[in-house]
Amino acid sequence: MAAEFDGWAPELLALITDAESVPVLRSIYELPDDHHWNRVPGFTLLGDPADATVP
């Protein structure tokens with residue numbers, strides 16, 4: 001897997017090469033483009049729930 005990141009900073013490659021376990025591939029999900037959150041007074045979404053698309 002480290003070969004996929006050839007040329008990256010050694011500090012970042014070490015996260016893969018020095019790990020004690022194998023990487024776990026996880027799917028990334030996104031909401032439809034026309035999705036919207038209903039407004040709720042006094043409530044604010046932060047972090048991942050606030051983003052409607054993948055990074």
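Refer to the structure above for everything that follows.
What counts as what
Chains are numbered independently. Their residues run from 1 in the order of the written sequence. In keeping with the model being predicted, local features are shown solely for residues with a pLDDT of at least 70 and side-chain atom pairs are shown and tallied solely at 80 or more, while totals for entire chains, interfaces and linings include all residues. Side-chain figures throughout are based on the complete set of non-hydrogen atoms in the structure, without hydrogens or water. A helix here means a DSSP run of H or I that spans at least four residues, while a strand means a run of E at least two residues long, and both kinds are numbered starting from the N terminus. Only the protein chains shown count as cover for residues, and the accessible areas themselves come from Shrake-Rupley with a 1.4 Å probe. Aromatic contacts are taken between Phe, Tyr and Trp rings whose centres are within 6.5 Å, Trp giving its six-membered ring; a plane angle under 30 degrees counts as stacked, one over 60 as edge-to-face, and the others as tilted. Whether a residue is buried, partly exposed or exposed follows from its accessible area with a 1.4 Å probe, protein chains only, as a fraction of its type maximum: under 20%, in between, or over 50%, in that order. A patch is a set of surface residues, each over 30% in relative accessible area and not in a salt bridge, joined within 9 Å for like charges and within 5 Å for the nonpolar side chains Val, Leu, Ile, Met, Phe, Trp and Tyr. The salt bridge criterion pairs a side-chain nitrogen of Lys or Arg with a carboxyl oxygen of Asp or Glu, the two atoms within 4 Å.

Chemist: So what about the overall build of the chain? Which residues, and what values?
Modeler: Along the backbone of the chain there are 1 helix and 0 strands. Entry remark: accessible area of the chain is about 5600 Å², with carbon and sulfur atoms responsible for 58%.

Chemist: Describe the packing of aromatic side chains, naming the residues involved and giving the relevant values.
Modeler: Inspection of every chain in the model, using the stated rule, returns 1 aromatic pair. Here the aromatic rings of Phe5 and Trp8 are separated by 4.8 Å at their centres, their planes lie at 80°, and the arrangement is edge-to-face. Relative accessible area serves as the criterion here: at 47%, Trp8 is assigned to the partly exposed category.

Chemist: Give me the lowdown on a nonpolar patch on the surface, citing residues and values where you can.
Modeler: Residues Trp37, Val40, Phe43 and Leu45 make up a contiguous nonpolar surface patch of about 410 Å² in total accessible area. One can find Phe43 in the segment after α1 (10-17).

Chemist: Got a sec to walk through the environment of Leu12? Specific residues and values, please.
Modeler: Within the element layout of this structure, Leu12 appears in helix α1. For Leu12 and Ala2, which are 10 residues apart along the polypeptide, the C-alpha to C-alpha distance reads 9.8 Å.

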